[in-house]
Amino acid sequence: MSDRLTYEEKKELPADVFGLPERREYPMPDAAHVRAAEAYFRYCPEDLKPKLARAILQRAQQFGVDVESPTVLEYAKQ
């Protein structure tokens with residue numbers, strides 16, 4: 001799987017693999033997508049950043065990904 005999902009692939013993913021499930025944004029079905037979510041974190045609306053940061057850390061742990069972004073780590077504490 002590449003780091004690009006088609007609309008159909010994204011539509012078929014369960015809600016729990018999304019960083020923001022209520023918006024179905026920031027899909028993280030694998031390690032590559034966890035890294036992509038970390039890279040695109042800055043585009044997340046400010047009020048949703050703590051929730052997304054915690055989701056990124058949770059999915060990263062499941063896939064053995066080291067989250068290096070100090071911004072993501074800081075927001076996860078909120």
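Source: prediction; values computed, not measured.

Colleague: In this structure, what is going on with the confidence of the model for the protein? I would like to understand it.
Modeller: Mean pLDDT over the protein works out to 94, with 96% of the residues at or above the 70 mark. Across the protein, element-level confidence peaks in helix α3 (residues 49–63) with a mean pLDDT of 98 and bottoms out in helix α1 (residues 7–12) with 91.

Colleague: When you look at the pattern of salt bridges in this model, what are you seeing that I'm missing?
Modeller: Going through the model one piece at a time under the given rule, you end up with 5 salt bridges. Here Lys 11 ties to Glu 8 by a salt bridge, and the two come within 3.5 Å at their closest N and O atoms. Here Glu 8 and Lys 11 lie together in helix α1, a separation of 3 residues that amounts to about one turn. Taking the relative accessible area as the measure of exposure, Lys 11 reaches 48% and is therefore partly exposed.

Colleague: Explain the packing of helix α2 (residues 31–39) against α3 here, please?
Modeller: Where α2 contacts α3, the axes come no closer than 9 Å and their chain directions differ by 150°. Between α2 and α3, the angle falls in the class roughly antiparallel. In the packing of α2 onto α3, the handedness of the crossing is left-handed. Along its contact with α2, which presents Ala 31, Val 34, Ala 37 and Glu 38, the element α3 presents Ile 56, Arg 59, Ala 60 and Phe 63. Residue composition of the contact of α2 with α3, grouped by class: 6 nonpolar, no polar and 2 charged.

Colleague: Is there a simple way to explain the packing of aromatic side chains in this structure?
Modeller: Here the distance between the centres and the angle between the planes together describe a pair of aromatic rings. Under the definition given, this model contains 2 aromatic pairs. Aromatic side chains Tyr 40 and Tyr 43 sit 6.0 Å apart centroid to centroid with 35° between the ring planes, which places their arrangement in the tilted category. We classify Tyr 40 as partly exposed; its relative accessible area is 46%. The exposed category is assigned to Tyr 43, whose relative accessible area is 55%.

What counts and what doesn't
In every chain, residue numbers begin from 1 and rise along the written sequence. Where local features are concerned, this predicted model is filtered to residues with pLDDT of at least 70; where side-chain atom pairs are given and counted, the filter is 80 or more; whole-chain, interface and lining totals use all residues. Hydrogens and waters are ignored; side-chain quantities use all the structure's heavy atoms. Confidence scores per residue from the predictor, reported as pLDDT, run from 0 to 100. Each helix is a run of H or I in the DSSP string that is no shorter than four residues. Each strand is a run of E no shorter than two, and both are numbered from the N terminus. We define a salt bridge as a contact between a side-chain nitrogen of Lys or Arg and a carboxyl oxygen of Asp or Glu at a distance within 4 Å. Residue burial is assigned from relative accessible area. The probe radius is 1.4 Å, only protein chains are included, and a residue is buried under 20% of its type maximum, exposed over 50%, and partly exposed in between. Each axis is a line fitted through C-alpha atoms, and for a helix only the stretch in contact is used; angles between axes span 0 to 180 degrees, taken between their N-to-C directions. Oblique is the label for any angle not covered by the other classes, which are roughly parallel (under 35 degrees), roughly antiparallel (over 145) and roughly perpendicular (65 to 115). Left-handed describes a crossing in which the near helix is turned anticlockwise from the far one by less than a right angle; the clockwise case is right-handed. Contacts are residue-level and defined by heavy atoms, with any inter-residue pair within 4.5 Å sufficient. Each residue is assigned to one class: nonpolar for Ala, Val, Leu, Ile, Met, Phe, Trp, Tyr, Cys and Pro, charged for Asp, Glu, Lys and Arg, and polar for all the others, Gly among them. Aromatic rings from Phe, Tyr and Trp, taking only the six-membered ring of Trp, are treated as a pair when their centres fall within 6.5 Å; an angle between ring planes under 30 degrees marks them as stacked, one over 60 as edge-to-face, and anything in between as tilted.

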